[in-house]
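Each chain, letter by letter, is given below.
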Amino acid sequence: MIPDPTNATPATRAYYAFPEGIRAKAEKLDGSPRPMSHLEILLAIGTAIADEQEAAKRGEG
């Protein structure tokens, strides 16, 4: 089931934009959900910032 995207984050909308088969495979590979540690959250944020900076350097941002 695809949730109502009205108040969804961009990441949530992007995830549900994938075809059902890709979402199902991703969920199978990911395993059961678990909370992220503080360092995992910082890593995800840092990775996103680094990716945005690289895209800006290439003129994509």
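What you see is a predicted model, and the numbers here were worked out from it, not measured in a lab.

Chemist: For the pattern of salt bridges, give the residues involved together with the corresponding values.
Modeler: Overall, the coordinates contain two salt bridges when judged by the stated rule. We note a salt bridge from Glu-20 to Arg-23, for which the minimum N-O separation is 2.5 Å. Of this pair, Glu-20 and Arg-23 both sit in helix 2 (residues 20-30), three residues apart, roughly one helical turn. Residue Glu-20 is classed as exposed on the basis of its relative accessible area of 51%. Measuring nitrogen to oxygen at the nearest pair gives 3.5 Å for the salt bridge that ties Lys-57 to Glu-54. Of this pair, Lys-57 and Glu-54 both sit in helix 3 (residues 38-57), three residues apart, which is roughly one turn of that helix.

Criteria and thresholds
- Residues numbered from 1 in each chain as written.
- Predicted model: local features only at pLDDT ≥ 70, side-chain atom pairs only at ≥ 80, totals over all residues.
- Heavy atoms only, no water.
- Salt bridge = Lys/Arg side-chain N within 4 Å of Asp/Glu carboxyl O.
- Helix = DSSP H or I, 4+ residues; strand = E, 2+ residues; numbered from the N terminus.
- Buried < 20%, exposed > 50% of the residue type's maximum accessible area, 1.4 Å probe, protein only.

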